[in-house]
Amino acid sequence: MSEMTNPFPDGTCFFCGPNNPSGLKLTFHRDGEGGVYADYTPESIYCGQGDIFHGGLQMGLLDEAMWWAGYEATGIMEAVTASASFRFLRPVYIGSPIRAACALVSREGNALRLRGSIRNAEGKVCTSVRGEYRIIPRERYEAVLAARP
């Protein structure tokens, strides 16, 4: 499937930024059916309990996949997480390859509804997400990025 070009000029995103020395440096691909995916093997520095990939990072990874799926479906960068619901169905182990995948389910105005999952090397769903992103005006998006307390 085809690799997607990262649209962020600074490349510092923890999940997809090639310029973040501490980041995962994920590359997203089109799945040929309107969705996206990224392959990753969790590293030991990201463990939670025992040898399990930290649940918070799994949620972040799926949130990232939702953004990329929304971007693939709309071509619009100015979208932010409105809500997300996660289900942890089986452990994701450190050192075992996984695939995070997501696709747009529906769009109503500025609301994008998405669904995704993390699957293990056997193709079993380990973690799933259903979420909503909101497209916001470019000016507001840029103001949020520029704001500092």
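Described below are features of the structure shown in this document. (Residues numbered from 1 in each chain as written. Predicted model: local features only at pLDDT ≥ 70, side-chain atom pairs only at ≥ 80, totals over all residues. Heavy atoms only, no water.)

1. Some points on the overall build of the protein
In terms of helices and strands, the protein carries two helices and six strands. For the protein, the C-alpha radius of gyration of 15 Å lies close to 15 Å, the compact-globule estimate for 149 residues. In terms of its C-alpha atoms, the protein occupies a principal-axis envelope of roughly 45 × 35 × 30 Å. Sequence-distant contacts in the protein: of pairs separated by 6 or more residues, those separated by 24 or more amount to 61%. Per element, the accessible surface of the protein, about 8,300 Å² overall, is 50% carbon and sulfur. Looking at the protein, you have 15 positive and 16 negative side-chain charges, and the mean spots of the two groups are 6 Å apart. (Helix = DSSP H or I, 4+ residues; strand = E, 2+ residues; numbered from the N terminus. Rg over C-alpha atoms; globule rule 2.2 N^0.38 Å. Contact = heavy atoms within 4.5 Å. Areas by Shrake-Rupley, 256 points an atom, 1.4 Å probe, with all protein chains shown as cover. Lys, Arg positive; Asp, Glu negative; His and termini not counted. Charge placed at Lys NZ, Arg CZ, Asp CG, Glu CD.)

2. Re the side chain of Gln58
Looking at the element boundaries, Gln58 is found in helix 1 (residues 55–74). Taking the relative accessible area as the measure of exposure, Gln58 reaches 3% and is therefore buried. Contact partners of Gln58, with chain neighbours within four places excluded, come to Phe53, Phe88, Val92, Ile118 and Thr127. (Buried < 20%, exposed > 50% of the residue type's maximum accessible area, 1.4 Å probe, protein only.)

3. A word on the sheet that holds strand 4 (residues 98–108)
A sheet is described by the order of its strands in space; here six strands give the open sequence 1-2-4-5-6-3, paired in antiparallel fashion. Looking at the sheet topology across the chains shown, the edges are occupied by strand 1 (29–30) and strand 3 (79–88). Bridge count between strand 5 (residues 111–120) and strand 6 (residues 125–135): nine bridges; the pairing is antiparallel. Bridging from a neighbouring strand, Ile118 pairs with Thr127 of strand 6. (Pairing = 2+ DSSP bridges.)

4. Quick notes on the state of the cysteines
As enumerated under the stated definition, the model contains zero disulfides in all. In this structure Cys16 is not part of a disulfide, and its nearest cysteine sulfur, from Cys13, lies 3.7 Å away. Note on Cys126: no disulfide assigned, nearest cysteine sulfur contributed by Cys102 at a separation of 16 Å. (Disulfide = S-S within 2.5 Å.)

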